[in-house]
Amino acid sequence: MTGLLAGKRGLIMGVANERSIAWGIAKAMAEAGAELAFTYQGEAFGSRLRPLAESVGSDFMVDADVTDDAALDGAFAELQERWGTMDFLVHAIAFSDKSELTGRFLNTSRENFKHSLDISAYSFIEVARRAHPMMIDNGGTLMTLTYQGSNRVVPNYNVMGVAKAALESATRYLANDLGPEGIRVNAISPGPMKTLAGAAIGGARKTYKHTDQNAPMRSNATLEAVGATAVYLASDGGACTTGQIINVDGGFHVLGMPQQENL
Ligand code: NAP
């Protein structure tokens with residue numbers, strides 16, 4: 001992939017640590033020659049992110065909680081001032097109250113429903129609107145991260161499934177809105193991965209083992225494979241791909257039932 005993203009610049013949102021999907025993407029994009037900026041939430045996370053950002057040659061970090069309009073305005077003003085234009089944006093952000101990522105979906109609270117959809121789905125629209133002026137002249141790519149719990153029931157995924165359904169729909173609407181300006185919008189859908197957010201979902205270990213043993217490839221997605229998919233989407237090779245939900249899950253999404261040997 002060396003050189004595939006040479007001369008391109010982009011913002012990575014959602015690196016919590018080296019296990020984050022956003023970090024797998026950042027590493028792959030940096031190896032492909034991209035220049036990167038990062039957002040983080042609050043100073044504690046900023047100091048954790050700094051050595052990671054520096055390891056891929058970036059000193060550009062901006063504080064942005066996606067529920068805070070002023071913080072987002074400030075972050076994009078900084079990007080605008082330093083870069084002027086931007087080629088891609090990676091949105092790898094989700095949140096829900098852990099106590100509702102287990103048990104009955106029926107018990108979803110109004111407050112957590114609103115909060116989960118705000119952070120995990122609506123925020124993609126907020127950042128797309130702010131990134132769009134920086135992409136308008138040369139085109140660009142926006143991408144987000146989703147999960148198949150959006151359209152099929154995965155035990156304990158609960159309100160996050162509804163949030164991912166909204167996020168995938170927003171991906172299609174944004175793709176249609178921004179297509180005439182040469183801006184592409186896609187979502188990558190990995191299978192279960194061992195991250196902080198992944199661990200918050202009830203029964204995460206069992207879900208991980210089930211998909212690992214039953215996916216056609218008999219393995220879950222790796223950070224490297226998700227990263228390489230993001231590189232492809234941001235590269236000129238992705239020029240005609242928009243509005244897509246791209247599964248990077250070892251093929252798990254095609255199954256109608258578990259493998260015979262696991263029944
Ligand atoms: P992660 O490392 O925990 O990343 C989640 C990120 O979201 C963190 O950096 C977190 O920041 C950020 N975030 C949460 N609330 C925020 C807010 N209000 N403002 C700004 N940032 C906020 O977990 P991950 O698994 O890589 O998650 C990345 C994306 O991949 C999510 O959309 C997730 O749903 C999706 N995904 C994950 C899996 C999986 O199995 N892990 C599978 C498919 C899709 P803080 O740490 O600062 O709170």
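All of these numbers come straight from a predicted model, not from anything done at the bench.

Rules behind the numbers
Residues numbered from 1 in each chain as written. Predicted model: local features only at pLDDT ≥ 70, side-chain atom pairs only at ≥ 80, totals over all residues. Heavy atoms only, no water. Patch = residues over 30% accessible without salt bridge, like charges linked within 9 Å, V, L, I, M, F, W, Y side chains within 5 Å. Areas by Shrake-Rupley, 256 points an atom, 1.4 Å probe, with all protein chains shown as cover. Salt bridge = Lys/Arg side-chain N within 4 Å of Asp/Glu carboxyl O. Lys, Arg positive; Asp, Glu negative; His and termini not counted. Charge placed at Lys NZ, Arg CZ, Asp CG, Glu CD. Helix = DSSP H or I, 4+ residues; strand = E, 2+ residues; numbered from the N terminus. Buried < 20%, exposed > 50% of the residue type's maximum accessible area, 1.4 Å probe, protein only. Phe/Tyr/Trp six-rings, centres within 6.5 Å; stacked < 30°, edge-to-face > 60°. Core = buried A, V, L, I, M, F, W, Y, C linked by side-chain atoms within 4.5 Å. Contact = heavy atoms within 4.5 Å. Near = heavy atom within 4 Å. Polar contact = N/O pair within 3.5 Å; in protein donor to acceptor, adjacent residues only side chain to side chain.

Student: What am I meant to see in a negative patch on the surface here?
Tutor: On the surface, a cluster of negative charge is contributed by Glu43, Asp63, Asp68 and Asp69. Position of Asp63 relative to the elements: it lies in strand E3 (residues 61–63). Accessibility expressed as a relative area gives 36% for Asp63, which makes it partly exposed.

Student: Just checking my understanding: could you explain the packing of aromatic side chains for this structure?
Tutor: Two aromatic rings are characterised by how far apart their centres lie and by the angle between their planes. In this structure the tally under the stated criterion is three aromatic pairs. Here Phe60 and Trp83 contribute two aromatic rings whose centre-to-centre distance is 5.3 Å and whose plane-to-plane angle is 85°, an arrangement assigned as edge-to-face. Here the residue Phe60 occupies a position in the loop between helix H2 (42–55) and E3, and Trp83 occupies one in the loop between helix H3 (69–82) and strand E4 (88–91), the gap between them amounting to 23 residues. By relative accessible area, Phe60 is classed as buried at 5%. Of the residues examined, Trp83 reaches a relative accessible area of 8% and is grouped as buried. Judged by centre distance (4.8 Å) and plane angle (65°), the rings of Tyr147 and Tyr157 are edge-to-face. Taken together, the positions of Tyr147 in the loop between strand E5 (140–145) and helix H5 (159–178) and Tyr157 in the loop between E5 and H5 put the pair ten residues apart, joining distant regions of the chain.

Student: What is the right way to read the nonpolar core from this model?
Tutor: Most often, soluble globular proteins keep nonpolar side chains buried together rather than apart. Ile12, Ile25, Met29, Leu36, Phe38 and Val226 are the most contacted members of the largest nonpolar core, which has 35 residues in total. Only helix H1 (21–31), strand E2 (35–40), H2, E4, E5, helix H8 (223–234) and strand E7 (245–248) provide two or more residues apiece to this core. In this view, Leu36 contacts Gly10, Ile12, Ala26, Met29, Ala30, Val56, Ser58, Phe60, Trp83 and Phe88; residues no more than four positions away in its chain are not counted. The next biggest cluster of nonpolar side chains, apart from the first, holds 30 residues, and it includes Val62, Leu79, Ala131 and Met134.

Student: In this structure, what is going on with the site of the ligand? I would like to understand it.
Tutor: Close contacts around the ligand come from 27 residues, with Ser20, Ile21, Lys164, Met193 and Thr195 the closest. Side-chain polar atom of Thr195 to an oxygen atom of the ligand: 2.5 Å apart, as the coordinates give it. In this structure, an oxygen atom belonging to the ligand sits 3.1 Å away from a main-chain N or O atom of Ala197. A per-element tally of the shell around the ligand places helix H6 (residues 196–199) first, with three residues.

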